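# Structural description and commentary
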Amino acid sequence: MAENIVKQEIVLEYLVKFVPLVILIGKNLLKQKKLNMKILGIGNAIVDVICKVEDDFIKRNKLTKSTMKLIFDESEFKKLLSELTIEKTVSGGSVANSIVGLSQLGNEVGFIGKISDDNLGIKYEEGLIKEKVKYLYKKKKEILPTGTCLILITPDSERTMITYLGTAGKINEKDIDGDIVRKAEITLLEGYLWDEGEPKKAFDKAIQNSNISAMSLSDLFCVDRHRDNFLDLVKNKLDIVFANEQEIMSLINAQKFDEVISFAKTLNKVIIITRGVNGSMGIKNDKVFEFPAKENLNIIDLTGAGDLFAAGFLNEYIKKKEINECLKQGTELSSKIIQILGARI
């Protein structure tokens with residue numbers, strides 16, 4: 001009898017010591033299981049239609065070179081398309097390009113973007129799955145068709161975009177699954193996606209459920225159109241921001257680039273700026289890092305340069321590398337992509 005009591009006391013003592021440890025280990029394993037994606041992208045699901053044009057086409061259609069123009073009339077978009085020779089089509093969109101790049105580098109990634117259950121939508125989903133990207137939106141037949149973007153490449157390798165968003169621009173908070181967002185280490189968003197109304201609600205829901213939120217300002221057009229809202233996102237909601245020099249200067253109405261550096265140092269965030277021939281810069285808290293651009297490149301098409309830069313940067317950032325190493329990898333990928341046609345390596 002006494003021997004049994006002693007054994008019970010030993011068992012109780014063991015349980016008191018080791019059960020909390022087992023519970024803690026279990027919680028950590030559960031957390032690791034939940035974070036089953038490195039990066040989740042949320043953006044416009046757009047089929048890229050790549051075409052080569054002369055400068056005259058840009059002038060004749062009153063387009064501004066190197067920017068993006070939104071078209072809301074499907075018939076107007078189709079008329080423009082009928083005048084062009086298609087070089088290539090691909091499952092595109094800014095963030096989707098970054099996510100595919102991250103997948104090609106061996107990362108577990110996912111993407112949420114709204115498509116319709118039509119011919120282009122089916123091709124779009126198949127294109128991402130082929131690139132080993134988890135497509136995390138359940139498509140259905142929508143009133144509007146799947147979005148399309150004409151990417152016009154002029155002889156100087158600059159790209160001018162004409163986008164018909166279709167159903168991509170109708171994304172709403174119901175399309176964003178908070179549980180899926182919470183399973184990613186980083187959520188990457190694009191400025192192209194942001195708009196008043198339902199897209200804003202989807203954006204806010206994604207950020208609220210993110211472990212780390214990152215965003216590309218996307219385009220000077222987007223910054224000029226949504227300056228106050230973008231500034232609020234940069235200052236108060238995002239953890240990582242990607243922009244080119246023109247976008248970030250426009251955002252804060254800067255006259256000199258030094259103003260951008262001073263602004264970024266006050267944020268206590270990670271601000272990444274691409275500067276063309278002047279390379280790239282990362283500002284983390286109050287520290288500034290710079291990396292030079294590659295020289296003597298055979299530039300064919302600048303489409304996707306910023307998207308692949310973000311992919312390269314984030315590939316190193318999720319490995320806890322120093323900002324200089326992240327800038328280096330971003331430079332490597334963007335240098336590769338501008339020497340081929342399109343935004344896929």
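Note that the coordinates shown come from a computational prediction; the quantities given were computed from them, not determined experimentally.

## Considerations on helix 12 (residues 305-317)
With 13 residues, helix 12 should reach 18 Å at 1.5 Å per residue; the first-to-last C-alpha distance of 18 Å fits that figure. Summarising burial for helix 12: 12 of the 13 residues are buried, a large majority. Within helix 12 the residues assigned to the buried category are A305, D307, L308, F309, A310, A311, G312, F313, L314, N315, E316 and Y317.

## Remarks on the sheet that holds strand 4 (residues 86-92)
Picture the strands of a sheet paired through backbone hydrogen bonds; they go either parallel or antiparallel. In spatial order, the strands read 3-8-7-2-4; together these 5 strands make up an open sheet with mixed pairing. In this open sheet, the two strands that pair with only one neighbour each are strand 3 (68-70) and strand 4. Across the sheet, the mean angle from the axis of one strand to that of its neighbour is 20°, orientation sign disregarded. Both strand 2 (residues 46-52) and strand 7 (residues 147-153) contribute to a ladder of 7 bridges, which runs parallel.

## With respect to the packing of helix 4 (residues 94-104) against helix 12
Across the interface, helix 4 lies against helix 12 with an axial gap of 8 Å and an inter-helix angle of 45°. As far as their axial angle goes, helix 12 and helix 4 are oblique. By crossing handedness, the relation of helix 4 to helix 12 is classed as right-handed. Within the contact between the two elements, helix 4 uses S94, N97, S98, G101 and L102 and helix 12 uses D307, L308, A310, A311, L314 and N315.

## Side note on the environment of I271
Looking at the secondary structure, you find I271 in strand 12 (residues 270-274). Exposure remark for I271: the relative accessible area of 2% places this residue in the buried category. With residues near it in sequence (within four places) discarded, I271 still touches V234, V241, A264, M281, G282 and I283.

## A closer look at the confidence of the model for the protein chain
In low-pLDDT segments, the atomic positions of the prediction should not be examined closely. Residues with a pLDDT of 70 or more make up 90% of the protein chain, whose mean pLDDT is 90. A low-confidence stretch, residues 19-33 (pLDDT under 50), is modelled with 2 contacts involving residues beyond four sequence positions or located in other chains.

## Re the nonpolar core
By size, the foremost hydrophobic cluster in this structure holds 53 residues, and its most contacted members are I42, L217 and F230. With 5 residues, helix 11 (residues 257-265) is the largest single contributor of residues to this core. Leave out the neighbours within four places in its chain, and F230 touches G191, W194, M215, L217, C222, V223 and L251. Within the second largest apolar cluster, 39 residues are counted, among which are L128, I240, F242 and I323.

## Quick look at the pairing of strand 8 (residues 159-164)
Of all 6 residues that make up strand 8, 6 are buried, and the element is covered over most of its length. Here strand 8 shows two buried faces, one formed by R159, M161 and T163 and the other by T160, I162 and Y164. With 3 bridges connecting them, strand 3 and strand 8 associate as parallel partners. In the sheet register, L70 faces strand 8, and the bridge partner there is T163. Sheet topology places strand 7 next to strand 8; 6 bridges connect them, and they run antiparallel. Bridge pairing in strand 8 links L152 to T160. Hairpin remark: strand 7 followed by strand 8, antiparallel, with 5 residues in the connecting loop; positive phi at S157, about 75°.

## A closer look at the packing of aromatic side chains
Counted by the stated rule, this structure contains 7 aromatic pairs. Here F111 and Y135 contribute two aromatic rings whose centre-to-centre distance is 6.4 Å and whose plane-to-plane angle is 25°, an arrangement assigned as stacked. Taken as a pair, F111 in strand 5 (residues 109-112) and Y135 in strand 6 (residues 134-135) lie far apart in primary sequence, 24 residues in all. There is no split in this pair, since F111 and Y135 are both buried. Within the aromatic cluster, the residues linked to one another by ring pairs are F111, Y124 and Y135.

## So, the pattern of salt bridges
A complete count under the given rule lists 22 salt bridges for this structure. Across the pair E74 and K78 runs a salt bridge whose closest N-O atoms are separated by 3.4 Å. You can see E74 and its partner K78 sitting in helix 3 (residues 74-82), 4 residues apart, about one turn around the helix. Judged by relative accessible area, which is 51%, K78 ranks as exposed. E142 is paired through a salt bridge with K140; the nearest N and O atoms lie 3.4 Å apart.

## Regarding the sheet that holds strand 11 (residues 240-244)
Taking strand neighbours across the sheet as the criterion, the 9 strands line up as 6-5-1-9-10-11-12-13-14 in an open arrangement whose pairing is mixed. Since the sheet does not close on itself, it has two edges, and those belong to strand 6 and strand 14 (287-291), each with one partner. When strand 12 meets strand 13 (residues 280-284), the two strands line up antiparallel, connected through 5 bridges. Within strand 13, the residue paired with I271 across the bridge is I283.

## As for unusual backbone geometry
Here the phi dihedral of S157 falls at roughly 75°; this positive angle occurs in a residue that is not glycine. With respect to the secondary-structure elements, S157 resides in the loop between strand 7 and strand 8. Even without being glycine, N268 reaches a positive phi, approximately 60°.

Reading guide: rules and limits
- Within each chain, residue numbers correspond to sequence positions counted from 1 in written order.
- Side-chain atom pairs in this predicted model are given and counted only at pLDDT of 80 or more, local residue features only at pLDDT of at least 70, and totals for whole chains, interfaces and linings cover all residues.
- To get the side-chain values, take all heavy atoms of the structure and skip hydrogens and water.
- Helix and strand definitions follow DSSP, with helices as H or I runs of at least four residues and strands as E runs of at least two, each counted in order from the N terminus.
- One fewer than the residue count of a helix, multiplied by 1.5 Å, yields its expected span.
- A 1.4 Å probe rolled over the protein chains alone gives each residue an accessible area, and that area as a share of the maximum for its type sets the label: buried under 20%, exposed over 50%, partly exposed in between.
- DSSP calls a pair of strands paired once it identifies at least 2 bridges connecting them.
- Fitted lines through C-alpha atoms serve as axes, helices being fitted only where they are in contact, and the angles separating the N-to-C directions of these axes extend from 0 to 180 degrees.
- Between 65 and 115 degrees an angle is taken as roughly perpendicular, under 35 as roughly parallel, over 145 as roughly antiparallel, and anywhere else as oblique.
- With the far helix as reference, a near helix turned anticlockwise by less than a right angle produces a left-handed crossing, and one turned clockwise produces a right-handed crossing.
- Contacts between residues were defined by any pair of non-hydrogen atoms, one from each residue, lying within 4.5 Å.
- Residue-level confidence of the predictor is summarised by pLDDT, bounded by 0 at the bottom and 100 at the top.
- What is meant by a nonpolar core is a set of buried Ala, Val, Leu, Ile, Met, Phe, Trp, Tyr and Cys residues, joined one to another through side-chain atoms within 4.5 Å.
- In this scheme Phe, Tyr and Trp rings, the latter by its six-membered ring, pair at centre separations within 6.5 Å, and the angle between planes marks the pair as stacked below 30 degrees, edge-to-face above 60, and tilted otherwise.
- Think of a salt bridge as a Lys or Arg side-chain nitrogen and an Asp or Glu carboxyl oxygen that are within 4 Å of each other.

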